Amino acid sequence: MKKINYAFILVLICNYTVFAQKEGNAANLPVHEYTLTIKEEMVNKAGKEVMGMTVNGSIPGPILEFIEGEYAVIYVKNEMKEETSIHWHGILLPNFHDGVPYLSTPPIKPGTTFKYEFRIKQNGTYWYHSHTMLQEQSGVFGSIVIHPKEENLDYDQDLVLMLSDWTNEKPMNVLRNLKRGNEWYQMKKGTSTPLNKVIARGAFGAQLDFWRQRMGGADIADVYYPAFLVNGEKSVEYADYKPGEKVRLRIINGSASSQFWMTFGGEPPLLVSADGKDVVPLAHHKTFIGVAETYDFIVTVPQNGKIELRAMAQDGSGTTTAYIGKGEILPAEIVPKPDKIKMMQQMAKMDMKMGAHALKFQPKKDERFEMKEEYGMQMEGMKMDDEKMNMPKDSVMKDKTDHSKMNHSKMDLPTGKAGMKKDSTSNMDGMSMKNDDMKMDDMQMDGMNLPAGESGMFSEYNYDYLKSTEKTSYDKKLPVKEILLNLTGNMQRYIWSMNGVPLNEADNIKIKSGEVTRMTFNNLTMMHHPMHLHGHFFRVINKNGAYSPLKHTVNVPPMQQVTIEFSGNNGDEYGDWFFHCHILYHMMSGMARVVSYETPRDPRMAKYPIKNLLNEADQYYTWSMVDVASHMTEFNYVASNIRNQFNVSAEYGWNKNLEAEVTYERYVHDYLRVFGGVNIENEMEDSLDEISTTAIAGIRFLTPYLFNLDVRIDSKLRPQISLRREILIFPRTAIFGSYEYQADFGWVDDLPTGDNFANEVSWNAGVEYFLSRNFSLMASYDNRFGAGGGLSVRF
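Fair warning: this is a prediction, and the values are worked out from it, not measured in the lab. (Residues numbered from 1 in each chain as written. Predicted model: local features only at pLDDT ≥ 70, side-chain atom pairs only at ≥ 80, totals over all residues. Heavy atoms only, no water.)

Check the secondary structure of the chain and you find ten helices and 46 strands. Out of the 795 residues in the chain, the part that is buried amounts to 57%. Partitioning the contacts of the chain with sequence separation of at least 6, the portion at a separation of at least 24 is 68%. Summed over its atoms, the accessible surface of the chain is roughly 32,300 Å², and 53% of this surface lies on carbon and sulfur atoms. (Helix = DSSP H or I, 4+ residues; strand = E, 2+ residues; numbered from the N terminus. Buried < 20%, exposed > 50% of the residue type's maximum accessible area, 1.4 Å probe, protein only. Contact = heavy atoms within 4.5 Å. Areas by Shrake-Rupley, 256 points an atom, 1.4 Å probe, with all protein chains shown as cover.)

Backbone-to-backbone hydrogen bonds join strands into a sheet, with any given pair of strands oriented parallel or antiparallel. An order of E10-E9-E12-E17-E14-E15 is seen for the six strands of this open sheet, with the pairing classed as mixed. Taken across any chain shown, the strands that pair with only one partner, and hence form the sheet edges, are strand E10 (227-230) and strand E15 (277-283). With strand direction ignored, the average angle separating the axes of adjacent strands in the sheet is 20°. As defined by bridge partners, strand E12 (residues 246-253) adjoins strand E17 (residues 294-300) across seven bridges and the pair is classed as antiparallel. Each bridged residue has a counterpart across the sheet, and for Arg 248 the counterpart in E17 is Ile 298. (Pairing = 2+ DSSP bridges. Axes fitted to C-alpha atoms, helices over the stretch in contact; angles between N-to-C directions.)

Right, let's get into the packing of helix H6 (residues 204-212) against helix H7 (residues 340-349). One can describe the packing of H6 onto H7 by two numbers: an axis separation of 9 Å at closest approach and a directional angle of 70°. The orientation of H6 relative to H7 falls into the category roughly perpendicular. For H6 against H7, the interelement crossing comes out left-handed. Touching Ala 206, Gln 207, Asp 209 and Phe 210 of H6 are Met 344, Gln 345, Met 347 and Ala 348, all from H7. (Parallel < 35°, antiparallel > 145°, perpendicular 65-115°, else oblique. Left-handed = near helix turned anticlockwise from the far one by under 90°.)

Attention now moves to the packing of aromatic side chains. Under the counting rule described, the total for this entry stands at 23 aromatic pairs. Ring centres of Tyr 494 and Trp 496 lie 5.6 Å apart, and the angle between their planes is 80°; on these two criteria the pair is classed as edge-to-face. Its relative accessible area of 1% is what places Trp 496 among the buried residues. Aromatic side chains Phe 646 and Tyr 664 sit 5.1 Å apart centroid to centroid with 45° between the ring planes, which places their arrangement in the tilted category. In this pair, Phe 646 sits in strand E37 (residues 644-653) while Tyr 664 sits in strand E38 (residues 657-669), placing the two residues 18 residues apart along the sequence. Judged by relative accessible area, which is 33%, Tyr 664 ranks as partly exposed. What links up through ring pairs into an aromatic cluster is the set Trp 88, Phe 96, Phe 114, Tyr 116, Phe 118 and Tyr 128. (Phe/Tyr/Trp six-rings, centres within 6.5 Å; stacked < 30°, edge-to-face > 60°.)

Here we take up a negative patch on the surface. On the surface, a cluster of negative charge is contributed by Glu 683, Glu 685, Asp 689, Glu 690 and Glu 760. Mapping Glu 690 onto the fold places it in the loop between strand E39 (672-682) and strand E40 (691-702). By relative accessible area, Glu 690 is classed as partly exposed at 43%. (Patch = residues over 30% accessible without salt bridge, like charges linked within 9 Å, V, L, I, M, F, W, Y side chains within 5 Å. Salt bridge = Lys/Arg side-chain N within 4 Å of Asp/Glu carboxyl O. Lys, Arg positive; Asp, Glu negative; His and termini not counted. Charge placed at Lys NZ, Arg CZ, Asp CG, Glu CD.)

The sheet contact formed by strand E35 (residues 621-629) and strand E46 (residues 786-794) spans five bridges and is antiparallel. Bridged to Met 625 within E46 is Arg 794. Summarising the sheet, strand E45 (residues 775-782) and E46 pair through eight bridges and their orientation is antiparallel. Counted as the bridge partner of Ser 780 is Gly 788 from E46.

Now for the nonpolar core. Counting 133 residues, the largest nonpolar core has Ile 74, Trp 88, Ile 251, Met 519, Phe 521, Met 531 and Phe 579 as its most contacted members. It is strand E9 (residues 157-166) that provides the largest number of residues to this core, a total of six residues. Not counting residues up to four positions away in its chain, the partners in contact with Phe 521 are Leu 485, Leu 487, Met 531, Val 554, Val 556, Gln 560, Gln 561, Val 562, Ile 564 and Phe 579. One finds Phe 210, Ala 218, Ile 220 and Met 377 within the second-largest nonpolar core, a separate group that totals 17 residues. (Core = buried A, V, L, I, M, F, W, Y, C linked by side-chain atoms within 4.5 Å.)

Here we have four strands laid out as an open sheet, ordered E2-E1-E4-E6, and mixed in their pairing. The open sheet terminates on both sides in strands that have one partner only, identified here as strand E2 (49-55) and strand E6 (113-119). Between one strand axis and the next, the sheet turns through 15° on average, direction left out of account. Pairing between strand E1 (residues 31-44) and E2: seven bridges, direction antiparallel. The residue bridging Lys 39 from the neighbouring strand is Thr 54, located in E2.

Cis rather than trans, the peptide bond between Ile 59 and Pro 60 has omega equal to -5°. Turning to its location among the elements, Pro 60 is positioned in the loop between E2 and strand E3 (64-67). We note that Asn 56 has phi near 55°; this positive angle belongs to a residue other than glycine. Mapped onto the elements, Asn 56 comes out in the loop between E2 and E3.

Positionally, Asn 231 belongs in the loop between E10 and strand E11 (235-238). For Asn 231 and Gly 142, which are 89 residues apart along the polypeptide, the C-alpha to C-alpha distance reads 9.3 Å. Here Asn 231 is in contact with Pro 60, Val 160, Leu 161, Met 162 and Tyr 238, once residues within four sequence places are set aside. Among the polar contacts listed, one links the side chain of Asn 231 to the side chain of Tyr 238, at a separation of 2.7 Å. (Polar contact = N/O pair within 3.5 Å; in protein donor to acceptor, adjacent residues only side chain to side chain.)

This part covers the confidence of the model for the chain. Averaged over all residues, the pLDDT of the chain equals 88, while 86% of them reach at least 70. Contacts from residues 6-21, a stretch scored under 50 in pLDDT, to residues over four places away or in other chains number twelve contacts. (pLDDT = per-residue confidence, 0-100.)

We now examine H6. Listing the buried residues of H6 in full gives Ala 206, Gln 207, Asp 209, Phe 210 and Trp 211. Looking at the packing, one finds that the buried side of H6 touches helix H5 (195-200), H7 and strand E42 (719-730). Just downstream of H6 lies Arg 214, where phi reads positive at about 65°.

Okay, the pattern of salt bridges next. Side-chain pairs of opposite charge can arise where the charged atoms are in close proximity. Tallied over the full model, the rule gives 36 salt bridges. We note a salt bridge from Lys 510 to Glu 598, for which the minimum N-O separation is 3.9 Å. With a gap of 88 residues between them, Lys 510 in strand E26 (residues 509-510) and Glu 598 in the loop between strand E34 (592-596) and helix H10 (611-614) connect regions that are remote in the sequence. Look at Lys 510 and you get partly exposed, because its relative accessible area is 32%. Its salt-bridge partner being Glu 565, residue Arg 518 comes within 2.7 Å of it at the nearest N-O pair. With Arg 518 in strand E27 (residues 516-523) and Glu 565 in strand E32 (residues 561-567), this pair connects stretches of sequence that are 47 residues apart. Here Arg 518 matches Glu 565 in class, with each residue buried. Overlapping salt bridges, with partners in common, bring together Glu 661, Glu 665, Arg 673, Arg 700, Asp 710 and Arg 712 in one network.

This is how it looks when you write it as structure tokens:
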């Protein structure tokens, strides 16, 4: 008979009691209940009926309204055939109800209902969305409005405006297309930068500089969307408001990956809140809204005319509009589309190095400071003199810089010296400081502007206009933990990470209750990254010092730095909290972390292993291509995850030349992989009578200027080297070519009498015209198969 482990059972009971005490309506607060039903159904948002996911039959889902101090009880019913979840974005709540499946909350299985419950201890504009795979893109999102107990703003009506993006593709196919490096989305949007446009603008030197650093060009947004929506429609009108009424516009960016420039017609609106938190009111007619951010504006309905709210996608690929009032349109400013070629020229002139690794050779080795020193903007006085320390990844930075010698004209910092003291109780997990040793509250920091005279292209993407209505600074006696996070990415393979380490290879970021965590985001990519921390608000350090705003999501512009601070002061200082880029496809490709208080895991999560969440970024994606031409046919198949890739390729010429290959390759880092496999080819030209099979092994390397280099040797000890390259020369036209050289020294097979060396050269060159995402016309010449043309099919 098995012995009962009473001690273990007692620990489980005690842990459950601790977690249960943090939840429940012990204070008998007024209860406000909702039921949300998630199901799949056909929807039409962009001129085509496709399968979407609805909440209570609509996209977006219903508005959930509460009053501060109520107790929320929300039942979520899953009527789909797959798991789902709901995360309450920006809401302070017990960890178990945060809604990240396998991390903090159980997934909602098909045919089941999950009960979320939590005390409403804040007010403002927030939202909810699925945190399961890519369901948010399919429509599982909606808004939350929490009214204060006593209103302190003067307005008459509320209007929620939920911005979103819509694709008619299955979101997993979108991500698969991004993983294969297909340029189709940029072609479809008209935002590609082919060589003919680059040369016509005199930017070929800048393009060469980008290629040298293994960058294709300036990038803004990854995905093509046929529609951008406000409250589920391309354009909406709200004509029932009376002239003179003050309407509070609660604007939420619920997009999967689109960020917007918002402009207003008529008088500039009054900005009163950001991410649910009050800010000093400010007339602000043009505002950038990152993914997952919320902004509240108060507008006055005009006596004659209707206000236009215009939200243009950041890359200029589309807009959505809303109109408030009646009569003639009071037009909003039309923001110019960004000039990607000009951006590329400006960046090429700057002292910056691009191409930081998104996938490091040694993911467990702490190289944050070396990465920061080597890549990105190299500003005088901002390079850190870093001590080499044997610390875990994402642990505290140690700064030995004498700040009194820094060039403050470029930082807007006080000229006093700010040092860091090592806490005598600290261990190798990091360094601690007292808050008065680093007086961030008094700083006038602009962490997002380029130095004066460099460039103004990112100057609009800062938060200096946001000032909290009350002090947000922390007790100066609290210890401070510094964390440096380099934001890293690889567009060729579509891998996104922090410090060159994707989620599945990362350690938790360890934090403690009772200390201030100060994070510096150093963006080493060409993309904006809206970073979101679950269950917390943080200070975004800006020129307003002690009145820096509180936010739950912060946009980090390309090649810029932003610093935030937070402390576990919400009464929920326990558990593991998700932290990630809110561009959905970046999060799903590795740009995420788990922030942990290192408390015992909730026993209710025992059946839900966290590895299920961590492995979301390490899934295998497969794709294939077939060329059918008049002179040959070619087939390629790829199955790839973060580190591993399987390849099958075959070429057959109608002149009876054949070559096929099966390989497995392991990515050592972004640009280098080792491989092994089998090669099959005909021995005699134009004859299939003799087929040779050899084992092969070697390395593949992405060189500067984006050449794919393959160096190998086969089981007959014949070395071989090859180069491949493809260049987009017109908006939908690319040229490609390859060169392969193999030498045979007779080390295994005998050479003909009198010969001590033989070689074989093969090469091809061609052109491809993209008809759609899946089809291209192609023509090529291959010295083995001759010349011809045909159709390329991608699937």
